[in-house]
Amino acid sequence: MKNKILVTGGTGYIGSHTSVELIKEGFDVVIIDNLYNSEAEIIDRIHKITGVKPVLEVFDLCDQEKLDIFFKKYNDISAIIHFAAYKAVGESVNKPLEYYRNNLLSLVNVLDAMKRFGVSDLVFSSSCTVYGQPEKLPVTEDAPLQPATSPYGNTKQIGEAIIRDTTVSDKNIKAVSLRYFNPIGAHPSALIGELPRGVPENLVPYITQTAYGLRDELKVFGNDYDTPDGSCIRDYLHVVDLAKAHVVAVKRLIGRRNKTNYEVFNLGTGKGVSVLEAIKSFERVSGIKLKYKITGRRAGDIEKIWADPSFANKELAWKTLSSLDEAMKTAWDWEKNIRNKKG
Ligand code: WQD
């Protein structure tokens, strides 16, 4: 009998890659998505990659009635991976109430439904943004959380606290928060990947769109930071490596191998890479000289962060396998593939 996993936000960037890895590991996948920032067609692409078409239920998790109907229909959910959230840092500054309502109410509804329908295991999509600018690098899970620099980041901090408090009040609920560093790249099939709507906020899709000619040039937001080449440093990990960590986390909970009812893991390579180094990586793998210019700093950016992934390496027996160049190459292949498709 296959374990059935509910993946909320499963047609999104990380959610679709995780659905592929879950299916490859023999899980049944049911996706809930409101398609606010993704397309139903992703299901067909997951089908093409895996040979299995996951079920897609389209509704908004903020609608508790619809969520109850869902759990009455699917009374065999083994665990939930909760991706569904708005995630644009800049947008969240302009639309805080939309972000707090969507990201927090959907999470509260999922937890409430878990209690009422007897689902005990939750994996939560969190982010290294909860650390702000860490005092000490590389950053470990016990590093102090800094005040969030955006409503988006705050919804991740508050979301973790809501989950933690729920696991304290209800011993039946077991949860894992996965703090992502910077996911990049796409599935090697180039059938799924990052599909930013409008002008990309994130570095790598902006690089690939510039290289493809959709953007005039990349703006490098500052080279006057206290880093070797002056540009910001991040920990870029391949999205497929990240997806695999979710499968391991689900298995840990279902297999009752969790050590406490609420666990947190940093998911990164453990290596810091600057913006200028990321550009060089793209140029190496694409053979294209990227057009960019140095501009002023972007408000809200932290200077440097990279993970100490040793806790996940040990407890989850998980580590990143792809190099920066390999990840960057899949990002470029994906960009070319979707543009060719769209003609
Ligand atoms: C990376 C670096 C920029 C664009 C955010 C969220 C995080 C996650 C990923 C959702 C920074 C520089 C970027 C550009 C640039 N989001 N940059 N020119 O800000 O580290 O993380 O996105 O899950 O939670 O906090 O990622 O890709 O926006 O920026 O110079 O056009 O690239 O200054 O140093 P970030 P990013």
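So, a few notes on the structure that sits alongside this text. Note that this is a predicted model, so its numbers are computed, not measured. Residue numbers restart at each chain and count upward from 1, following the sequence in its written direction. Given that the model is predicted, a residue must reach a pLDDT of at least 70 before its local features are reported, and side-chain atom pairs must reach 80 or more before they are shown or counted; all residues, however, enter totals for whole chains, interfaces and linings. Calculated side-chain values reflect all of the structure's heavy atoms, with hydrogen atoms and water omitted.

## Overview of the packing of aromatic side chains
Ring geometry is summarised as follows: Phe, Tyr and Trp rings, the Trp one being its six-membered ring, pair when their centres sit within 6.5 Å, and such pairs are stacked at plane angles under 30 degrees, edge-to-face over 60 and tilted between the two. By the definition in use, this model includes 10 aromatic pairs. Centroid distance Tyr 86 to Tyr 99: 5.4 Å. Interplanar angle 65°. Geometry classified as edge-to-face. Of the two residues, Tyr 86 sits in the loop between strand E4 (77-82) and helix H4 (89-94) while Tyr 99 sits in helix H5 (residues 96-117), which places them 13 residues apart along the sequence. Across the pair, Tyr 99 and Tyr 86 agree in class, each one buried. When the ring centre of Tyr 36 is taken as reference, the NZ or CZ atom of Arg 197 above it lies at 5.1 Å. By definition here, charges over rings are those cases where NZ of Lys or CZ of Arg is within 6 Å of the ring centre and within 35 degrees of the ring normal. Lying over the aromatic face of Tyr 225, Arg 297 brings its terminal NZ or CZ to 3.9 Å of the ring centre. Numbering of helices and strands runs from the N terminus, with a helix taken as a DSSP run of H or I at least four residues long and a strand as a DSSP run of E at least two residues long. Buried means the residue's accessible area, taken with a 1.4 Å probe over protein chains only, is under 20% of the maximum for its type, while exposed means over 50%, and partly exposed covers the values in between.

## As for the site of the ligand
Not every one of the 20 residues close to the ligand is listed here, only the nearest: Ser 127, Leu 203, Lys 219, Arg 234 and Asp 301. For the ligand, an oxygen atom lies 2.9 Å from a polar atom in the side chain of Asn 202. Between an oxygen atom of the ligand and a main-chain N or O atom of Leu 203, the distance comes to 2.8 Å. To measure how exposed things are, a 1.4 Å probe is used in the Shrake-Rupley method; for residues, cover is taken only from the protein chains shown. When the free accessible area of the ligand is taken as 690 Å², the share hidden by the protein chains comes to 90%. Elements represented by at least two residues in the shell around the ligand include exactly helix H7 (203-212) and strand E8 (218-221). Considering each element in turn, the shell around the ligand owes the most residues, four residues, to E8. Charged residues are taken to be Asp, Glu, Lys and Arg, nonpolar residues to be Ala, Val, Leu, Ile, Met, Phe, Trp, Tyr, Cys and Pro, and polar residues to be all remaining types, Gly included. When its residues are assigned to classes, the shell around the ligand shows 10 nonpolar, four polar and six charged. Here, proximity means that at least one heavy atom of the residue falls within 4 Å of the molecule or strand. Pairs of N or O atoms within 3.5 Å make up the polar contacts considered here, provided that, within protein, one atom can donate a hydrogen while the other can accept it, and that residues adjacent in sequence are counted only when both atoms are side-chain atoms.

## Considerations on the side chain of Asn 266
Structurally, the position occupied by Asn 266 is in strand E11 (residues 262-267). On the basis of relative accessible area, Asn 266 is assigned to the buried category, the value being 0%. Among the polar contacts made by the side chain of Asn 266, one reaches the side chain of Tyr 131 at a distance of 2.6 Å. Contacts are assigned to residue pairs that have any heavy atoms within 4.5 Å of one another. Dropping the residues within four chain positions of it, Asn 266 is found in contact with Tyr 131, Val 139, Thr 140, Glu 141, Arg 179, Phe 181, Ala 307, Asp 308, Pro 309 and Ala 312.

## Structural notes on the packing of H7 against helix H9 (residues 275-286)
Where H7 contacts H9, the axes come no closer than 11 Å and their chain directions differ by 45°. Judged on the interaxial angle alone, H9 and H7 are oblique. For the element pair H7 and H9, the recorded crossing hand is right-handed. Of H9, the residues touching H7 (which contributes Leu 203, Ile 207, Thr 208 and Ala 211) are Val 275, Ala 278, Ile 279 and Phe 282. Helix axes are fitted only over the stretch in contact, all axes being lines through C-alpha atoms; the angle between N-to-C directions runs from 0 to 180 degrees. Any angle between 65 and 115 degrees counts as roughly perpendicular, while under 35 counts as roughly parallel, over 145 as roughly antiparallel, and the rest as oblique. By the definition used in this description, the sense in which the near helix is turned from the far one sets the handedness, with an anticlockwise turn below a right angle giving left-handed and a clockwise turn giving right-handed.

## Let's talk about the pairing of strand E2 (residues 28-33)
Most of E2 sits out of view: five of its six residues are buried. Note: strand E1 (residues 4-8) against E2, five bridges, orientation parallel. Among the inter-strand pairings, Lys 4 is bridged to a residue of E2, identified as Asp 28. For the segment spanning E1, helix H1 (residues 13-24) and E2, crossover handedness is right-handed. In this sheet, strand E3 (residues 55-58) lies alongside E2 in parallel orientation, the contact comprising four bridges. Across the sheet, Val 30 pairs through a bridge with Val 55, a residue of E3. With helix H2 (residues 42-50) bridging E2 and the parallel E3, this β-α-β connection has right-handed handedness. Strands are labelled as partners when DSSP assigns at least two bridges between them. A clockwise course of the path from the first strand over the helix to the second, judged with the strands pointing away from the viewer, identifies a crossover as right-handed.

## A few points about H7
Of all 10 residues in H7, eight are buried; the element is thus mostly enclosed. Every buried residue of H7 is accounted for by Leu 203, Val 204, Pro 205, Tyr 206, Ile 207, Thr 208, Gln 209 and Thr 210. Phi turns positive, to about 95°, at Gly 213, one or two residues after H7.

## Re the pattern of salt bridges
The term salt bridge refers to a side-chain nitrogen of Lys or Arg lying within 4 Å of a carboxyl oxygen of Asp or Glu. In this structure the tally under the stated criterion is 29 salt bridges. A salt bridge links Asp 76 to Lys 4; the nearest nitrogen and oxygen atoms lie 3.1 Å apart. Here Asp 76, found in the loop between helix H3 (64-73) and E4, pairs with Lys 4, found in strand E1; they are 72 residues apart in sequence, far enough to count as distant. The buried category is assigned to Lys 4, whose relative accessible area is 15%. A salt bridge links Asp 63 to Lys 66, with the nearest nitrogen and oxygen atoms 3.6 Å apart. By relative accessible area, which is 28% here, Asp 63 ends up partly exposed. Each member of the salt-bridge network shares a partner with another, and the members are Arg 252, Lys 259, Glu 263, Lys 314 and Glu 315.

## What to know about the environment of Thr 320
On the secondary structure map, Thr 320 appears in the loop between helix H10 (310-315) and helix H11 (324-342). Residue classification places Thr 320 among the buried residues on the basis of a relative accessible area of 18%. Remark: the alpha-carbon pair of Thr 320 and Cys 128, spanning 192 residues in sequence, is separated by 16 Å. Discounting residues that sit within four places of it in the chain, Thr 320 has contacts with Leu 237, Asp 241, Gly 268 and Thr 269.

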